[in-house]
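So the chains spell out like this:
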Amino acid sequence: MRAALLRPPLYQRDYAHGLGTVYTAVYRPGLGEVDYLWPGGVEWRQSFAAFDPGTRAVTLE
């Protein structure tokens, strides 16, 4: 399922025309978690109860 979230039509790369996806997220409310996903295998898991602010650097193609 994760791979499908990072492919068209859900994930768009037409940034020049304002149609680009920056990231996507998988929410798990029952577990109190969210995973932020970028192409290239970059993932960032966060807990709703203990969110850890931070940054991620990715290159958008």
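Everything numeric here is computed off the predicted structure, so don't read it as measured data.

Enquirer: Hey, could you run me through a nonpolar patch on the surface in this one?
Expert: On the surface, a cluster of nonpolar side chains totalling about 320 Å² of accessible area is made up of Val22, Tyr23, Val58 and Leu60. Mapped onto the fold, Val58 is located in the segment after β5 (42-47).

Enquirer: Would you mind showing me how to read the environment of Thr24 here?
Expert: Relative to the assigned elements, Thr24 resides in strand β3 (residues 24-28). Residues Thr24 and Leu6, spaced 18 residues apart in sequence, show a C-alpha to C-alpha distance of 7.6 Å. The residues contacting Thr24, other than those within four sequence positions of it, are Leu5, Leu6, Asp35, Tyr36 and Leu37.

Enquirer: Can you help me understand the pattern of salt bridges in this one?
Expert: Proximity of charged atoms lets side chains of opposite charge pair with each other. In total, this model carries 6 salt bridges according to the counting rule given. In this structure, the salt-bridge partner of Arg28 is Glu33, at a minimum N-O distance of 3.5 Å. With relative accessibility at 22%, the residue Arg28 sits in the partly exposed group. Here Glu33 makes a salt bridge to Arg45, at a shortest N to O gap of 4.0 Å. Of this pair, Glu33 sits in strand β4 (residues 33-38) while Arg45 sits in strand β5, and the two are 12 residues apart along the sequence.

Enquirer: Even after reading the chapter, I still don't get the packing of aromatic side chains, so can you show me in this structure?
Expert: Between two aromatic rings, the relevant description is the distance of the centres plus the angle of the planes. A complete count under the given rule lists 3 aromatic pairs for this structure. Ring centres of Tyr23 and Trp38 lie 6.0 Å apart, and the angle between their planes is 45°; on these two criteria the pair is classed as tilted. Here Trp38 lies in strand β4 and Tyr23 lies in the loop between β2 (19-20) and β3, a separation of 15 residues in the sequence. The exposure class of Tyr23 is partly exposed, given its relative accessible area of 43%. Taken together, a centroid distance of 6.3 Å and an interplanar angle of 55° make the contact between Tyr36 and Trp44 tilted. You can call Tyr36 buried: its relative accessible area is 16%. We note Arg56 situated over the ring of Trp44; from NZ or CZ to the ring centre the distance is 4.0 Å.

Definitions and limits used
- Residues numbered from 1 in each chain as written.
- Predicted model: local features only at pLDDT ≥ 70, side-chain atom pairs only at ≥ 80, totals over all residues.
- Heavy atoms only, no water.
- Patch = residues over 30% accessible without salt bridge, like charges linked within 9 Å, V, L, I, M, F, W, Y side chains within 5 Å.
- Areas by Shrake-Rupley, 256 points an atom, 1.4 Å probe, with all protein chains shown as cover.
- Salt bridge = Lys/Arg side-chain N within 4 Å of Asp/Glu carboxyl O.
- Helix = DSSP H or I, 4+ residues; strand = E, 2+ residues; numbered from the N terminus.
- Contact = heavy atoms within 4.5 Å.
- Buried < 20%, exposed > 50% of the residue type's maximum accessible area, 1.4 Å probe, protein only.
- Phe/Tyr/Trp six-rings, centres within 6.5 Å; stacked < 30°, edge-to-face > 60°.
- Lys NZ or Arg CZ within 6 Å of the ring centre and 35° of its normal.

Everything listed here is a matter of coordinates, which is why it stays silent on function.
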